Amino acid sequence: GSGFFSGLGSLAGLLGFLLQIALIAGLVFLVVALLRRRAQPQPAGVPAGMMARQAQGPVPMSAGAPRRPVDEIGIGPADYQAFERLLIAVQEAWTREDLAALQRLATPEMVQYFRDDYAALAARGWKNETRDVVLEQGDLAEAWNEGARDYATVAMRFSHIDVTREVATGRVVEGDPSARTTSTELWTFVRVQGGPWMLSAIQQVG
């Protein structure tokens, strides 16, 4: 035979071949994992104004390509009136920093986002206030059912006074206390077993 060293060479060749197979399998696994990650829905952006982030709800519709809304549960005039009342009530409770009221108006996830936003403002010594809220237009984007829960996402275009002040001095750091601004946001509402609607998510349009 060729001796001991020839046997080592054959063994090294076999190990090299197995290593190549392992590397190829690892690359295939990484590519598949990356494709699966890209296929998963990405979280929506955060709104302006009250700074509240999305708690749950659908990806917002394209502002530049309006489509016919999908209504699986039959949203009527009484529902739209409830959405308008919630818009105004949430803004007023936010300005008062009334967490008890927000807990009655929004889901626990949204209330936690409000808490975080209060803490972020307080860390800068600021306070945000919104007042004189007027709903200019509300368009249904989608309404659907998930078991005992009904959901409705509405494009809310509203005007208001939105001002952020420095708590210590009252100095305005953002906004204009004498000028109305117009905002458009997607508000998602939820109700359980036909109960009252509550705020579930806010998403910025655009």
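Overview of the structure. Quick caveat, the model's predicted, so the values are computed rather than measured.

### Quick look at the overall build of the protein
Consideration 1: Within the protein, the regular secondary structure consists of 4 helices and 6 strands.
Consideration 2: Tracing the protein from N to C terminus, the helices and strands come up as α-β-α-α-α-β-β-β-β-β.
Consideration 3: Long-range pairs, those at least 24 residues apart, make up 65% of the contacts in the protein between residues at least 6 apart in sequence.
Consideration 4: Carbon and sulfur atoms make up 58% of the accessible area of the protein, which amounts to about 12300 Å² in all.

### Notes on the packing of aromatic side chains
Consideration 1: Under the criterion given, the structure shown has 7 aromatic pairs.
Consideration 2: Judged by centre distance (5.9 Å) and plane angle (55°), the rings of Trp94 and Phe114 are tilted. Taken as a pair, Trp94 in helix α2 (residues 77–96) and Phe114 in helix α4 (residues 108–123) lie far apart in primary sequence, 20 residues in all.
Consideration 3: On the basis of relative accessible area, Trp94 is assigned to the buried category, the value being 0%.
Consideration 4: Seen in terms of ring centroids, Trp187 and Phe189 are 6.2 Å apart; in terms of plane orientation they differ by 40°. Their pairing is tilted.
Consideration 5: Each member of the aromatic cluster is reached from another via a ring pair, and the members are Tyr80, Phe83, Trp187, Phe189 and Trp197.

### Comments concerning the pattern of salt bridges
When the charged atoms of two side chains with opposite charge come close together, those side chains can pair.
Consideration 1: Across all of its chains, the model carries 6 salt bridges by this definition.
Consideration 2: A salt bridge links Arg191 to Asp79, with the nearest nitrogen and oxygen atoms 3.3 Å apart. Of this pair, Arg191 sits in strand β5 (residues 181–192) while Asp79 sits in helix α2, placing them 112 residues apart in sequence.
Consideration 3: Looking at Arg191, the relative accessible area reads 15%, which means it is buried.
Consideration 4: Accessibility expressed as a relative area gives 11% for Asp79, which makes it buried.
Consideration 5: Sharing partners across several salt bridges, the network here consists of Asp79, Asp150 and Arg191.

### Points about the side chain of Glu185
Consideration 1: Its place among the elements puts Glu185 in strand β5.
Consideration 2: Although Glu185 is buried, it makes no salt bridge; Arg157 carries the closest opposite charge, 13 Å away.
Consideration 3: There is a polar contact of 3.0 Å between the side chain of Glu185 and the side chain of Trp187.

### So, the pairing of strand β3 (residues 149–166)
Consideration 1: A large share of β3 lies buried, amounting to 14 of its 18 residues.
Consideration 2: Taken together, strand β2 (residues 126–146) and the strand that follows it, β3, pair antiparallel across an intervening segment of 2 residues, in which Gly147 is found at a positive phi of about 65°.
Consideration 3: Across 12 bridges, β3 lies against β5 in antiparallel orientation. When the sheet's bridge partners are listed, Arg149 is paired in β5 with Val192.

### What to know about α4
Consideration 1: With 16 residues, α4 extends 23 Å from end C-alpha to end C-alpha; this agrees with the ideal 22 Å at 1.5 Å per step.
Consideration 2: Buried residues of α4: Met110, Val111, Phe114, Asp117, Tyr118 and Leu121, and no others. Projection of α4 onto a plane perpendicular to its axis shows the buried side chains occupying an angular sector of 115°, all on one side. Those residues of α4 that are exposed and angled more than 90 degrees off the buried face are Pro108 and Ala123.

### Some points on the nonpolar core
Consideration 1: Membership of the largest hydrophobic core comes to 31 residues, with the highest contact counts inside it found for Phe83, Phe114, Met156, Trp187, Phe189, Trp197 and Leu199.
Consideration 2: If you list the elements that add at least two residues to this core, you get α2, α3 (99–105), α4, β2, β3, β5 and β6 (198–204).
Consideration 3: Considering each element in turn, this core owes the most residues, 7 residues, to α2.

What counts, and at which threshold
Residues numbered from 1 in each chain as written. Predicted model: local features only at pLDDT ≥ 70, side-chain atom pairs only at ≥ 80, totals over all residues. Heavy atoms only, no water. Helix = DSSP H or I, 4+ residues; strand = E, 2+ residues; numbered from the N terminus. Contact = heavy atoms within 4.5 Å. Areas by Shrake-Rupley, 256 points an atom, 1.4 Å probe, with all protein chains shown as cover. Phe/Tyr/Trp six-rings, centres within 6.5 Å; stacked < 30°, edge-to-face > 60°. Buried < 20%, exposed > 50% of the residue type's maximum accessible area, 1.4 Å probe, protein only. Salt bridge = Lys/Arg side-chain N within 4 Å of Asp/Glu carboxyl O. Lys, Arg positive; Asp, Glu negative; His and termini not counted. Polar contact = N/O pair within 3.5 Å; in protein donor to acceptor, adjacent residues only side chain to side chain. Pairing = 2+ DSSP bridges. Expected span 1.5 Å × (residues − 1). Arc of directions from axis to C-beta. Core = buried A, V, L, I, M, F, W, Y, C linked by side-chain atoms within 4.5 Å.

Nothing here speaks to function; it is all geometry.
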